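# Architecture and fold: a report
The lines below spell out each chain.
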Amino acid sequence: MDATGYSWTVIGAGPAGIAAVGRLLDHGIAADEIAWIDPEFGAGDLGAKWRAVSSNTQVGLFLDYLNASPSFRFGQAPRFALTTTDPDQTCPLGMIAEPLVWISEQLGGRVNRLQAMATQLWLQHRRWTVRADHREIRSTNVVLAVGSTPTKLDYPGLEVIEIEAALDPGRLAQLALAGATVAVFGSSHSSMIALPNLLATSASRVINFYRSPLKYAVYLEDWILFDDTGLKGEAAQWARENIDGTLPERLHRCWVGDPRFADRLQECTHVVYTVGFEPRPHPVTPQWGPLKYDASNGILAPGLFGVGIAFPEYRLNPLGSGEYRVGLFKFMQLLDAALPLWLLYSP
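This one's a predicted model, so the numbers in the text were calculated from it and none came from an experiment. (Residues numbered from 1 in each chain as written. Predicted model: local features only at pLDDT ≥ 70, side-chain atom pairs only at ≥ 80, totals over all residues. Heavy atoms only, no water.)

## Section: the overall build of the protein chain
Of the regular secondary structure elements, the protein chain holds ten helices and 19 strands. Against the 2.2 N^0.38 benchmark of 20 Å for 347 residues, the protein chain shows a C-alpha radius of gyration of 21 Å, consistent with a compact globule. Across its three principal directions, the C-alpha atoms of the protein chain cover 65 × 45 × 40 Å. The 347 residues of the protein chain split such that 50% are buried. Taking the contacts inside the protein chain whose residues are at least 6 apart along the sequence as the reference set, 74% of them involve residues at least 24 apart. When the 28 basic and 35 acidic side-chain charges of the protein chain are each reduced to a single mean position, those positions are 3 Å apart. (Helix = DSSP H or I, 4+ residues; strand = E, 2+ residues; numbered from the N terminus. Rg over C-alpha atoms; globule rule 2.2 N^0.38 Å. Buried < 20%, exposed > 50% of the residue type's maximum accessible area, 1.4 Å probe, protein only. Contact = heavy atoms within 4.5 Å. Lys, Arg positive; Asp, Glu negative; His and termini not counted. Charge placed at Lys NZ, Arg CZ, Asp CG, Glu CD.)

## Side note on unusual backbone geometry
Both trends apply: most residues other than glycine have a negative phi, and most peptide bonds are in trans. Even without being glycine, F41 reaches a positive phi, approximately 55°. Note on placement: F41 falls in the loop between β2 (34-38) and α2 (44-48). Although it is not a glycine, H125 sits at a positive phi angle of roughly 55°. Within the element layout of this structure, H125 appears in the loop between β4 (118-124) and β5 (127-132).

## Focus: the side chain of R325
Looking at the element boundaries, R325 is found in strand β19 (residues 322-325). Only 2.9 Å separates the side chain of R325 from the side chain of Q333, close enough to count as a polar contact. In this structure R325 touches D228, P312, E313, R315, K330, F331 and Q333, once residues within four positions along its chain are discounted. (Polar contact = N/O pair within 3.5 Å; in protein donor to acceptor, adjacent residues only side chain to side chain.)

Shown next as structure tokens:
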């Protein structure tokens, strides 16, 4: 890769990074003016970790994302299982991972692709320098699409079951859980997938520690109440029947403010944290330190922008309350609104 410079560098090749590269090409940025950096180019964590997870997004919205960018050339793609699935249903994330990998491969063949880990960036002489492994790439603009990692709490003395295993029945079945009492913190979409997965193992008990009532998405005529915080799909159905309905025999629940919380936690041998995600550490900007992004447009600094689950858009719904928007098509919608601003906000 020529270090003399590019107009745009995209760091990350998950769904948000793929969308950013596609939309830059859609806006007329020449392919040889775009650098794309990622250690894997395998559709990010979605492709590497979450294929077995049931989505909380309807298939139709996945298809809207895949067809949104002409540069994706999805009309030329081979036949995928996703395209023959009922658009009103949800699906395992592996069904969207396959077309994402295909798009990533064909986009990577057009732009300047570097398989590496970006570790540092700084602004000098109105140009960004990105250090990726032992290379330095200079770029007028940089898009961070670095993704997020699961948030963990710290309760010592418990054996941690990683969320990647808790959400994958195949991996969970390989763990020695006979006689275990497993604590599950959280009441999110991930929680309502981990709980039935754990109940299908030989664990003797599962205790769900929670802070608040469950929240369900409500489908209205042209928008969704609790679109980004409410339970959807199979997770919502299971929660209604088993959490707000009749608890399975081996499942117990405990509010974290309950006076018996410490005693109940002491009964546990293992723990799963399903309490959300936090931005993956992104390349350090030494002249400013940590940067905050504008949640309405993804701007971090002149010529430096964020998109994806690490930099979600905040938007008010018709009732006046707001949520951070996370989802493939929502990333594309943010780019549609913000990219015209980004094109004008170089150093």
